[in-house]
Amino acid sequence: MATSIPDGIILPVMRVDLRSDTVTLPTPEMRRAMAEAELGDDVYGEDPTVNRLQERVAELLGHEAALFTPSGTMANEIAIKVWTQPGDAILVDAESHILHYELAGPAVIAGVLVETYPITDGVFNLSDIPPRIRVADDHVPGTRLLCIENTHNRCGGTILPPEWMPELRALVDRHQLRLHLDGARLFNASVALGVPLQAWSRWADSVMVAFSKGLCCPVGSVLAGSREFIREAHRVRKLLGGGMRQVGVLAAACLVALDTMVERLADDHARAKRLAEAIAELPGFSVNLRTVQTNMVYVHTARPALEVERALAARGVLCIALDPHRLRLVTHKDVDDAAIDHAIRAFREVAAELSA
Ligand SMILES: Cc1ncc(COP(=O)(O)O)c(C=O)c1O
């Protein structure tokens, strides 16, 4: 997945960056809070701002404790390492971030075998899980962990139905597995359905939520779980070089995000829907509108996606050619209604140009 601006493209004045919600910039209120944050050495557990963030997120997610990490990737990898021993197996869905975009971290860091279960449009069949669970014997590694992702990035920002969680928990318990939730965009799911984060998070043994995406913070994710899990997670974070010192300067922005950025996600979702509906009307493009549930729009392109990406970039609209015929567009705080109008105009021009 190439995420940079295509070579040779000179961006026009109007620039609409739909590559990812990670491009968002911190707000003036966040910058002020960062400058004024009360600090201490977090490796010693003495940064009051980090401690406040961890306590607040643990409570929000319905878990005993939480740990601030530099990234969502590190939080996922810490969870996998804590829940497994080298030589174990884990199950992730076939489109998951852990499988596609974490550089084989589970194999490198935890030494585990990663196996997949199928997923379509962000939804999987619970019945597809048990046949893939391995029971350890003299020849076979034991499956220890099941990972789920919500909202689901590669499936288009789709939401896992919260009413599935009790049954999923029962399945995990039946097979003595642990359940890890990659909730990089769990806040989006919660706002979209109007249900609390706990509708998903309390059923999992560990949960990661990210602050550097739609919540607009410059850095940071939080991993939550039991006190015992977090004690071990703290050690693994240190092992990975993720022990940070006066990191309250970053946690301060996350605290502001909890107060000011969560409800705002509904605007991103409405804009994504408007963009998707407009693109779906155009020749040479199709959008599965059923999957446009939060802040992502996946567009199928008749022409090569890279060609469309370039034509859009020349008009100041940045997106990512995710696959040979698939573009990803993500709405966020720094894309307003005028920016969406501009993006729709650019798509209309490109549709006319490429179908001529
Ligand atoms: C679903 C999901 N999980 C994990 C991550 C990793 O987060 P980070 O970029 O902070 O490592 C991402 C990043 O986009 C993501 O979309």
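Note that the coordinates shown come from a computational prediction; the quantities given were computed from them, not determined experimentally.

## Re the overall build of the chain
And step 1. Along the backbone of the chain there are 13 helices and 13 strands.
And step 2. For the chain, the C-alpha radius of gyration of 21 Å lies close to 21 Å, the compact-globule estimate for 356 residues.
And step 3. Principal-axis analysis of the C-alpha atoms gives the chain an extent of 60 × 55 × 40 Å.
And step 4. Across the 356 residues in the chain, those meeting the buried criterion constitute 56%.
And step 5. Counted over contacts in the chain with a minimum sequence separation of 6, partners at least 24 positions apart contribute 73%.
And step 6. Averaging the locations of the 36 positively and 46 negatively charged side chains of the chain gives two centres separated by 2 Å.

## Looking at the pairing of strand β8 (residues 221–225)
And step 1. Across the 5 residues of β8, 5 count as buried, placing the element largely inside the fold.
And step 2. Burial along β8 is two-sided: Ser221, Leu223 and Gly225 and Val222 and Ala224, pointing in opposite directions, are all buried.
And step 3. Direction of pairing for strand β2 (residues 65–69) relative to β8: antiparallel, over a ladder of 5 bridges. When the bridges of β8 are listed, Phe68 appears paired with Val222.
And step 4. Summarising the sheet, strand β7 (residues 206–210) and β8 pair through 4 bridges and their orientation is antiparallel. Residue pairing in the sheet places Ala210 in a bridge with Ser221 of β8.

## What to know about the sheet that holds strand β12 (residues 320–323)
And step 1. The strand order across the open sheet built from 4 strands is β9-β10-β13-β12, with neighbouring strands paired in antiparallel fashion. The two strands at the open ends of the sheet, each matched to only one other strand, are β9 (285–287) and β12. Across the sheet, the mean angle separating the axes of adjacent strands is 35° when strand polarity is ignored.
And step 2. As paired strands, β12 and strand β13 (residues 326–330) are joined by 3 bridges and run antiparallel to one another.

## Description of the site of the ligand
And step 1. Not every one of the 13 residues close to the ligand is listed here, only the nearest: Gly72, Thr73, Asn153, Asp182 and Arg185.
And step 2. At 2.8 Å, a backbone N or O of Gly72 approaches an oxygen atom of the ligand.
And step 3. Measuring from a nitrogen atom of the ligand, one finds a side-chain N or O atom of Asp182 at 2.6 Å.
And step 4. For the ligand, the accessible surface in isolation is 390 Å², of which the surrounding protein chains cover 85%.

## A look at the nonpolar core
And step 1. Membership of the largest hydrophobic core comes to 56 residues, with the highest contact counts inside it found for Leu53, Phe68, Phe124, Leu146, Ile148, Val209 and Phe211.
And step 2. Broken down by element, this core gets its largest block of residues, 8 residues, from helix α10 (residues 248–260).
And step 3. One finds Ala272, Leu327, Ala343 and Leu354 within the second-largest nonpolar core, a separate group that totals 32 residues.

## Digging into the packing of helix α3 (residues 72–83) against helix α9 (residues 227–239)
And step 1. Contact pair α3 / α9: the axes reach a minimum separation of 9 Å and the direction vectors enclose 115°. Once α3 is placed against α9, the crossing between them reads as right-handed. Between α3 and α9, the contacting residues are Met74, Ile78, Ala79, Lys81, Val82 and Trp83 on the first element and Phe229, Glu232, Ala233, Val236, Arg237 and Leu239 on the second.
And step 2. A class-by-class count of the residues in the contact of α3 with α9 yields 9 nonpolar, no polar and 3 charged.

## Quick look at the domain arrangement of the chain
And step 1. By domain assignment, the chain separates into domain 1 (16–25 + 264–355) and domain 2 (28–259).
And step 2. Relative to domain 2, the C-alpha centre of domain 1 lies at a distance of 28 Å.
And step 3. Each side of the interface is counted separately: domain 1 has 22 residues, and domain 2 has 20 residues.
And step 4. When domain 1 packs against domain 2, close to 1700 Å² is buried across both sides, 49% of that on carbon and sulfur atoms.
And step 5. Of all residues in domain 1, the largest losses of buried area upon contact with domain 2 belong to Leu265, Thr291 and Gln293, amounting jointly to 28% of the total for that side.
And step 6. Connecting domain 1 to domain 2 are 3 salt bridges.
And step 7. At the level of elements, α11 (265–280), β10 (296–301), β12 and β13 are the ones that each hand at least two residues to the side of domain 1 that touches domain 2.
And step 8. At 3 residues, the largest contribution of residues to the side of domain 1 that touches domain 2 is made by α11.

Rules used throughout
- Residues numbered from 1 in each chain as written.
- Predicted model: local features only at pLDDT ≥ 70, side-chain atom pairs only at ≥ 80, totals over all residues.
- Heavy atoms only, no water.
- Helix = DSSP H or I, 4+ residues; strand = E, 2+ residues; numbered from the N terminus.
- Rg over C-alpha atoms; globule rule 2.2 N^0.38 Å.
- Buried < 20%, exposed > 50% of the residue type's maximum accessible area, 1.4 Å probe, protein only.
- Contact = heavy atoms within 4.5 Å.
- Lys, Arg positive; Asp, Glu negative; His and termini not counted.
- Charge placed at Lys NZ, Arg CZ, Asp CG, Glu CD.
- Pairing = 2+ DSSP bridges.
- Axes fitted to C-alpha atoms, helices over the stretch in contact; angles between N-to-C directions.
- Near = heavy atom within 4 Å.
- Polar contact = N/O pair within 3.5 Å; in protein donor to acceptor, adjacent residues only side chain to side chain.
- Areas by Shrake-Rupley, 256 points an atom, 1.4 Å probe, with all protein chains shown as cover.
- Core = buried A, V, L, I, M, F, W, Y, C linked by side-chain atoms within 4.5 Å.
- Left-handed = near helix turned anticlockwise from the far one by under 90°.
- Nonpolar A, V, L, I, M, F, W, Y, C, P; charged D, E, K, R; others polar.
- Domains from an automatic or database assignment.
- Buried area = accessible area lost by both parts, 1.4 Å probe.
- Salt bridge = Lys/Arg side-chain N within 4 Å of Asp/Glu carboxyl O.

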